[in-house]
Amino acid sequence: MNLFADVLLPLPIKGSFTYSITSALQHQVSLGKRVVVPFGKSRLYTGIIRAVHDNAPEKYTAKEILLSLDDHPIVNSFQMEFWEWMASYYMCSPGEVMQAALPSAFLISSETRIVLNAEKQTESSELSDREYLVFEALSNNHVLSYKDVAEILGIKTIHPLLKELFEKGVITFYEELRETYKPKTENYISLSAAYCNAEKLAEAFASVAKAAKQEDVLMQFVSLAGQNKESYSISKKKFLKLDGISNSALQSLLKRGILTEEQRETGRLHAYEEITHQAKGLNDDQSRAFGEISEKFASHDVILLHGVTGSGKTEIYIHLIEEQIKLGKQVLYLLPEIALTTQIIRRLQNVLGDKVGIYHSRYSMNERVEVWNKVQKKDGYKVVLGARSSLFLPFDNLGLIIVDEEHESSFKQQEPAPRYNARDMSVILGWKHKAKVLLGSATPSIESYHNALNEKYGLVKLEKRHGGVMMPEILCADVQEERRKKKMKSIFSSLLIEHMEAALENREQIILFQNRRGFAPMLECKLCGHTPKCNKCDVSLTFHKTLNLLKCHYCGYAERKTTSCVACGSVEVELVGFGTQKIEEEIMLVFPNAKVGRMDWDTTRSKNSYQQIISDFEDKSIDILVGTQMVSKGLDFDNVALVGILNADQMLNFPDFRAHERAYQMMSQVSGRAGRKNKRGKVVIQTYSPEHNIVRYVIDSNYEALYHSEVLLRRNFKYPPFYRLVGITIKHQNLDLVNAAAAYFAGILKDALEEGEVLGPEFPAIARIRGEYIKNILVKIPRNATTNKTKDMILFKTELFNITDPFKKCRLIIDVDPV
């Protein structure tokens, strides 16, 4: 019987493709396994088997599956269903979800290789100089890639030249598969089985009696092995580092057959120590909350834990995790930032040992594959702590999903598709697995709190800080008044300076928050007002003092800072505004004896840089930590007495309907870092608008007032949680084409939309990024409307747009539930 397989490919194409299964592969192919298949004229791709059946495709002749890559499926049925649901909801293809879900090392694809045509004798006179360079390189190396040719010629555009060589019959092409994942291996030294008994071992020592160095090496090995001579082995690398071990003597023992060498797969993941601590006991308030969560899970699949900063939510999480592990279940613990994993992973490993794994984008491609494989093993990870991508791991027995800091916008994927929100998708993943979901935050998103108040989610509150610690005292510095009275010292108010001096005198630590990296947001000429701008984006360049560069934070363009204005030649140029670099420098001038650290994107690019900064701050090697929003998220430091928010107005005046919600969340979260365990902390907010409602809500820790004011506005102006949003972005390098395309698409949407409304098209705050002009359209869909019907209409109009001249040249991006 002829069998066929539906294969999902990691491409932005609807549906899957049917391939025939050869008789040799029929016993190797099954749901969830990877296969290599041809696609198009010559490319080879890795696909995932979606289904096996005996129905031949009607519209085309099925090509054959070339190779099966796995002994066991790497994707399970839960994942396949989850991918399908996500693709449907976020209006993208299942292939795009697959591309995002799988570690890239799993996605073997082919690479085009260039070789000389063996059937043609080529004379050098037939070739141009550049063609001859390629011909000569192929004569010496036999095979080249496109990248090799570009490097040899020193040019980027090589296709016309290769086309010419191909048409002359000089070269030909073939596709070569590239498998990127390679298991990490290490060589181990063991005692040969023939010498494991005492009599034979004595003979071995006798045979090397005249070779003192070999005798020493053998003696050291036997001493290390002790009574376990038969089973003992040691890493060759570690063995050679021991005193008195020479490589030449070791090689001689290996040649004699007394010792043996074996290559073993070791893996790249850090081996954690055994459990060293029991979980801490819960106090009365935590015990009450824990009991309520357990009780409400009987009637709700999702619970929102609204606990103030420092209330001990993490300890409740640990007790819930232990409960699930005893039931033999798996747990997914989602965090918005990699920085947060550094502290929390230690706490979890102290209690749970090597049952805990980590998964995030700072892991290498090979490390991610090994975590994936370990989640699949029966004796593998029971708890995975990770960022949003850990949703895609191959769980098959999930019992609980914890989403910590659920309000964070970094749970939302921006580029590329699928543009999913990990918080929302955790609810769907829990539903697929029949698992429970716990959302935790001190400042919940308006949508989550609305769902909780309307009984869609259960609601549990923790209103007191752990250990009876009081909420921080929040003070407000009026920057306008301070400047009028000339009390400001650089960018610091007199109120902030006063409290910083007191904290440093008491040997306490300080966190200063400014959500802008770099030294200064822009450079401005005082004479003509000229500001250097990016040549590809509609933004001013940010000055980075350590590099002496003006940089664009959107495309990476950089240029040297000049001492005079490039427009008028005036030397009266000044830096306007301040970022984390400038704060760091100014602190050093005001407090020269203080040890200052900085936590932002520029200082945390390497894999272990977060951990190093956090460890230094915990060890009190840093007195003052300056940071962006990274410092606001769930970090727990014992000795922080003061938090300074240097520019609240930047958050309050952002043009977005969520600006006030986010400003409250950011200020409340960073304020929560102050005064953790021993004393009440203080927070100083610097603002030009001390009477602003949001500032008052932060000072009073009044989340309820924020919620009710925001909900009223959103109901009146048709925003979430009362309406669903679908954002549509149109991009192209030609401004006129973008304007015409956006107007056309908005027009056909408005004509077709039965329920809801279409806003736009409008330019966003930054209308050009990376050389492309941008226009946005926003579709608002009432909650009681048929959302799928509206989405189908938008997809249909998108297909129409993509075949309409000249608009099909534009890039159209759909973002469901934009944040």
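All chains use their own residue numbering, which begins from 1 and follows the written sequence. Totals for whole chains, interfaces and linings use every residue, but because this is a predicted model, local features are given only for residues with pLDDT of at least 70 and side-chain atom pairs only at 80 or more, for both listing and counting. Derived side-chain values reflect all non-hydrogen atoms in the structure, with water molecules and hydrogen atoms excluded from consideration.

Trainee: Can you walk me through the overall build of the chain in this structure?
Mentor: In this text, helices come from DSSP runs of H or I with a minimum length of four residues, and strands from runs of E with a minimum of two, each type numbered from the N-terminal end. In terms of regular secondary structure, the chain is built from 25 helices and 34 strands. Counting only C-alpha atoms and orienting by the principal axes, one finds that the chain spans roughly 90 × 75 × 65 Å. By the burial criterion, 53% of the 819 residues in the chain qualify as buried. The contact criterion used throughout is that any non-hydrogen atoms of two residues lie within 4.5 Å. Once local pairs closer than 6 in sequence are excluded, the contacts in the chain between residues at least 24 apart make up 75%. Accessible area of the chain: about 38700 Å², with a carbon and sulfur share of 48%. If the 105 positive side-chain charges of the chain are averaged to one point and the 101 negative ones to another, these points end up 2 Å apart. Only protein chains enter the accessibility calculation, which uses a 1.4 Å probe; a residue whose area is less than 20% of its type maximum is buried, one above 50% is exposed, and one in between is partly exposed. Values of accessible area rely on a 1.4 Å probe in the Shrake-Rupley scheme; residue burial ignores everything except the protein chains shown. Asp and Glu are treated as the negative residues and Lys and Arg as the positive ones, with His and the ends of the chain left uncounted. The location of each charge is read from NZ of Lys, CZ of Arg, CG of Asp or CD of Glu.

Trainee: What is the right way to look at the pattern of salt bridges in this model?
Mentor: Any two side chains of opposite charge can pair, so long as their charged atoms come close to each other. For this document, the term salt bridge refers to a Lys or Arg side-chain nitrogen within 4 Å of an Asp or Glu carboxyl oxygen. Counted by the stated rule, this structure contains 31 salt bridges. Between Lys 436 and Asp 301 there is a salt bridge whose closest N-O contact spans 2.9 Å. You can see Lys 436 sitting in strand β17 (residues 436-441) and its partner Asp 301 sitting in the loop between α10 (284-296) and β12 (302-307), a full 135 residues away along the chain. Its salt-bridge partner being Lys 545, residue Glu 585 comes within 2.7 Å of it at the nearest N-O pair. Separated by 40 residues along the polypeptide, Glu 585 in helix α18 (residues 580-590) and Lys 545 in the loop between β22 (542-544) and β23 (549-551) bring together distant segments of the chain. Through salt bridges with shared partners, one network takes in Asp 285, Arg 288 and Glu 292.

Trainee: How do you make sense of the sheet that holds strand β28 (residues 640-645) when you look at a structure like this?
Mentor: Strand pairing in a sheet takes place through backbone hydrogen bonds and is either antiparallel or parallel in direction. Strand pairing follows a simple DSSP-based rule, namely that at least 2 bridges must link the two strands. The six strands lie next to each other as β19-β29-β28-β20-β27-β26, forming an open sheet whose pairing is parallel. In this open sheet, the two edge strands, each paired with only one partner strand, are β19 (473-478) and β26 (596-599). Neighbour-to-neighbour, the strand axes of the sheet open up by a mean angle of 20°, direction not taken into account. Here strand β20 (residues 509-513) runs beside strand β27 (residues 624-627); their pairing, made up of four bridges, is parallel. Counterpart to Phe 513 in the pairing with β27 is Gly 627. Every angle, taken between N-to-C directions, lies between 0 and 180 degrees, and every axis is a line fitted to C-alpha atoms, over only the stretch in contact when it is a helix. Contacts from helix α21 (residues 659-671) reach β19, β20, β28 and β29 (682-687), with the element oriented near 155° to β28.

Trainee: Hey, could you run me through the sheet that holds strand β11 (residues 259-265) in this one?
Mentor: Across the sheet, which stays open at both edges, the three strands sit in the order β10-β9-β11 with antiparallel pairing between neighbours. Two strands in the sheet have a free side with no partner beyond their single neighbour: β10 (233-235) and β11. Taken over all neighbouring pairs, the strand axes of this sheet differ in orientation by 35° on average, direction set aside. Of the pairings in the sheet, the one linking strand β9 (residues 185-191) to β11 comprises seven bridges and is antiparallel in character. Within β11, the position partnered with Glu 186 by the bridge is Arg 264. Running over the sheet, helix α7 (residues 212-225) touches β9, β10 and β11 and is turned about 95° from β9.

Trainee: Got a minute to help me understand the pairing of strand β18 (residues 458-462) in this structure?
Mentor: Across a regular strand the side chains alternate sides, sitting on one face of the sheet and then on the other. Counting buried positions along β18 gives four out of five residues, so the element sits mostly inside the fold. In this structure, β12 lies alongside β18, joined through five bridges in parallel fashion. Bridge pairing links Ile 303 to Gly 458 in β18.

Trainee: So what exactly am I meant to see when it comes to the nonpolar core here?
Mentor: A general feature of soluble globular proteins is that nonpolar side chains tend to end up buried together. Residues Trp 83, Leu 102 and Met 667 are the most contacted members of the largest nonpolar core, which totals 146 residues. Looking at this core, the element that brings in the most residues is helix α24 (residues 735-752), giving seven residues. Setting aside residues up to four positions removed in sequence, Leu 102 forms contacts with Ile 48, Ile 74, Val 75, Trp 83, Leu 107 and Trp 372. Only buried residues count toward a nonpolar core. Its members are Ala, Val, Leu, Ile, Met, Phe, Trp, Tyr and Cys residues joined through side-chain atoms within 4.5 Å.

Trainee: I would appreciate a short explanation of a positive patch on the surface in the present structure.
Mentor: Among the surface-exposed residues, Lys 184, Lys 237, Lys 238 and Lys 241 lie close enough to one another that they form a single positively charged patch. Residue position: Lys 241 is located in helix α8 (residues 236-241). By relative accessible area, which is 63% here, Lys 241 ends up exposed. What goes into a patch is any residue over 30% in relative accessible area without a salt bridge, connected to like charges within 9 Å or, for nonpolar side chains (Val, Leu, Ile, Met, Phe, Trp, Tyr), within 5 Å.

Trainee: Hey, could you run me through unusual backbone geometry in this one?
Mentor: Trans is the prevailing form of peptide bonds, just as negative phi is the prevailing case for residues other than glycine. With omega at 10°, the peptide bond leading from Gly 760 into Pro 761 counts as cis. The topology assignment puts Pro 761 in strand β31 (residues 757-762). A cis amide bond links Asp 805 to the next residue, Pro 806, at an omega of -10°.

Trainee: Would you explain the packing of helix α1 (residues 77-89) against helix α2 (residues 94-101) in this entry?
Mentor: The relative placement of two packed helices comes down to the angle between their axes together with the axis-to-axis distance. At a minimum axis distance of 8 Å, the contact between α1 and α2 shows a crossing angle of 120°. Considered as vectors, α1 and α2 are oriented oblique to each other. Note on packing geometry: the crossing formed by α1 with α2 is right-handed. Of the residues in α2, those touching α1 at Trp 83, Glu 84, Met 86 and Ala 87 are Pro 94, Val 97, Met 98 and Ala 101. When residues are grouped by polarity, Ala, Val, Leu, Ile, Met, Phe, Trp, Tyr, Cys and Pro land in nonpolar, Asp, Glu, Lys and Arg in charged, and all others, Gly among them, in polar. Grouping the constituent residues of the contact of α1 with α2 by class yields seven nonpolar, no polar and one charged. Should an angle fall under 35 degrees it is called roughly parallel, over 145 degrees roughly antiparallel, and 65 to 115 degrees roughly perpendicular, with every other angle called oblique. We call a crossing left-handed when the near helix sits turned anticlockwise from the far one by less than a right angle, and right-handed when that turn is clockwise.

Trainee: Sorry if this is basic, but what is going on with the environment of Glu 661 here?
Mentor: Within the secondary structure, Glu 661 is located in helix α21. Under the relative-accessibility criterion, Glu 661 is labelled buried at 2%. With 254 residues separating them in the primary sequence, Glu 661 and His 407 have C-alpha atoms 9.8 Å apart. Leave out the neighbours within four places in its chain, and Glu 661 touches Pro 444, Ser 445, Ile 446, Glu 447, Leu 706, Glu 710 and Arg 714.

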